[in-house]
Amino acid sequence: MQAGRGREDRNSMQYSLFFIQRFKGKVLFNVPMSEHTSFRIGGPADVMAFPQDDGDLKDLVAFAESKGFQFHVLGAGTNLLVRDGGVRGIVVNMCEGFKDTSWLDEGKAVVGAGVRLPELVNQARDRGLSGLEFAVNIPGTVGGAVMMNAGAYGGEMADVVEGIEVIGRKGQKGFIPKSELNFSYRKAVLPKGAIVTRAHMRFRKGDPEGIRGRMAEFRERRKASSAIPYPNAGSIFKNPEGRIAGKLIEEAGLKGERSGGAMVSEAHANYIVNAGGAKAKDVLALMALVRDKVFSSLGIVLEPEIKVIGED
Ligand SMILES: Cc1cc2nc3c(=O)[nH]c(=O)nc-3n(C[C@H](O)[C@H](O)[C@H](O)COP(=O)(O)OP(=O)(O)OC[C@H]3O[C@@H](n4cnc5c(N)ncnc54)[C@H](O)[C@@H]3O)c2cc1C
């Protein structure tokens, strides 16, 4: 993969992409990433392609690899900050294809990477299957959630995932069992460039009332942060071992702190919000300020949970 390319190369890429005749999905050019991230921030992607199925995705990554174009995988963009200069190369948007879910016997399911977690939680509830209630408020896709090992209230994706189907960077299909994903806090380890197409999950048979009760309880616990009126990307920093990042940020007196249009939320100190016209550079400056102040006042280093991509 090569670094950023000039206008001439972008034109040649446009030309080439148009001529992947087999590609069934949409291909858009110069797409504002602010329209594809929950933060509503980010400069343009040169190209955004929406593969519809394995065949499309296989062709797309093989094409990108053969031409030396960078590609970035996008789920729902709910854990992502895109820099203001945008993204060179191809953004592979997984939200239009890969929305299939097959429910198998014994509480097993094969779930497309583009399925949203809250939708899957509801489907599992309707089948009396338990294990994913923790994700009722997590707005991402299954693919993004596997990559991030998303979790809440003591549960995480690693509890339900048995393995994943992937397309590798040369377009080859594969299956990676859970034992090789090395799940840890907000992290899974995949071969470089691998794209999750489906997750194989196993649920437990549960009592429907209990499942509904847990979902309601988790919604209630999330009331304050889900009422935040500004675009955001959820928690900005990981919780350091044994500590809660939001509490540390609050203790450091940073609630309401601003940089340009970015602000540390008054409702939940580990959320940075786009309070109006925020740029990625504002969010990054505020993140640096929060890290510095928490370190200088409490001696604790905060690590970002969100992923940052693109150019300044
Ligand atoms: C209001 C709010 C609340 C949130 N609450 C929580 C929470 O409680 N717990 C929690 O863990 N997270 C939470 N999040 C963060 C986020 O929703 C999760 O991390 C989610 O799993 C990200 O999924 P996504 O589809 O949006 O991924 P994206 O943000 O699109 O991408 C995240 C990363 O995954 C990669 N990726 C995405 N799809 C694929 C794929 N198919 N194959 C390979 N790589 C892929 C991307 O390249 C990127 O590196 C919250 C976010 C918001 C906005």
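### As for the overall build of the protein
Then step 1. A count of helices and strands for the protein gives eight helices and 19 strands.
Then step 2. At 20 Å, the protein has a C-alpha radius of gyration in line with the 20 Å of a compact globule built from 312 residues.
Then step 3. Dimensions of the protein, computed from the C-alpha atoms along their principal axes, are close to 55 × 50 × 30 Å.
Then step 4. The 312 residues of the protein split such that 42% are buried.
Then step 5. Residue pairs in contact within the protein that sit at least 24 positions apart in sequence constitute 66% of those at least 6 positions apart.

### Structural notes on the sheet that holds strand S12 (residues 173-177)
Then step 1. Across the sheet, five strands lie side by side as S6-S7-S13-S11-S12; this open sheet has antiparallel pairing. What marks the edges here is a single partner per strand, and that holds for strand S6 (101-103) and S12. Taken over all neighbouring pairs, the strand axes of this sheet differ in orientation by 15° on average, direction set aside.

### A look at the site of the ligand
Then step 1. Within the structure, the ligand sits among 30 residues, and Gly 75, Gly 140, Gly 143, Gly 144 and Gly 234 are positioned closest to it.
Then step 2. Broken down by secondary-structure element, the contributors of at least two residues to the shell around the ligand are strand S3 (71-74), helix H4 (142-148), strand S9 (151-152), strand S13 (195-202) and strand S15 (232-235).
Then step 3. The leading source of residues in the shell around the ligand is H4, at five residues.
Then step 4. Grouping the amino acids of the shell around the ligand by side-chain chemistry returns 16 nonpolar, 13 polar and one charged.

### Overview of the pairing of S13
Then step 1. With respect to burial, S13 is a largely interior element, six of its eight residues being buried.
Then step 2. Here five bridges tie strand S7 (residues 108-112) to S13, and the two strands are oriented antiparallel to one another. For Lys 108, the partnering residue across the bridge sits in S13 and is Arg 202.
Then step 3. Bridge count between strand S11 (residues 161-167) and S13: six bridges; the pairing is antiparallel.

### What to know about the nonpolar core
A general tendency of soluble globular proteins is for nonpolar side chains to be buried together.
Then step 1. Val 146 and Ile 272 are the most contacted members of the largest nonpolar core, which totals 84 residues.
Then step 2. Sorting elements by how many residues they give to this core places helix H8 (residues 280-298) first, with six residues.
Then step 3. Sequence-distant contacts of Ile 272, defined by excluding residues within four places in its chain, comprise Asn 232, Ile 236, Ala 262, Met 263, Val 264, Val 283, Leu 286 and Met 287.

### Looking at the environment of Leu 104
Then step 1. Take Leu 104: it is sitting in the loop between S6 and S7.
Then step 2. Expressed as a C-alpha distance, the spacing of Leu 104 and Arg 202, which sit 98 residues apart in the sequence, is 9.5 Å.
Then step 3. Excluding anything up to four places from it in sequence, Leu 104 contacts Ala 109 and Val 110.

Parameters at a glance
- Residues numbered from 1 in each chain as written.
- Predicted model: local features only at pLDDT ≥ 70, side-chain atom pairs only at ≥ 80, totals over all residues.
- Helix = DSSP H or I, 4+ residues; strand = E, 2+ residues; numbered from the N terminus.
- Rg over C-alpha atoms; globule rule 2.2 N^0.38 Å.
- Buried ≥ 20, exposed ≤ 12 C-beta atoms within 10 Å, placed from the backbone.
- Contact = placed C-beta atoms within 7 Å.
- Pairing = 2+ DSSP bridges.
- Axes fitted to C-alpha atoms, helices over the stretch in contact; angles between N-to-C directions.
- Near = placed C-beta within 6 Å.
- Nonpolar A, V, L, I, M, F, W, Y, C, P; charged D, E, K, R; others polar.
- Core = buried A, V, L, I, M, F, W, Y, C linked by C-beta atoms within 7 Å.

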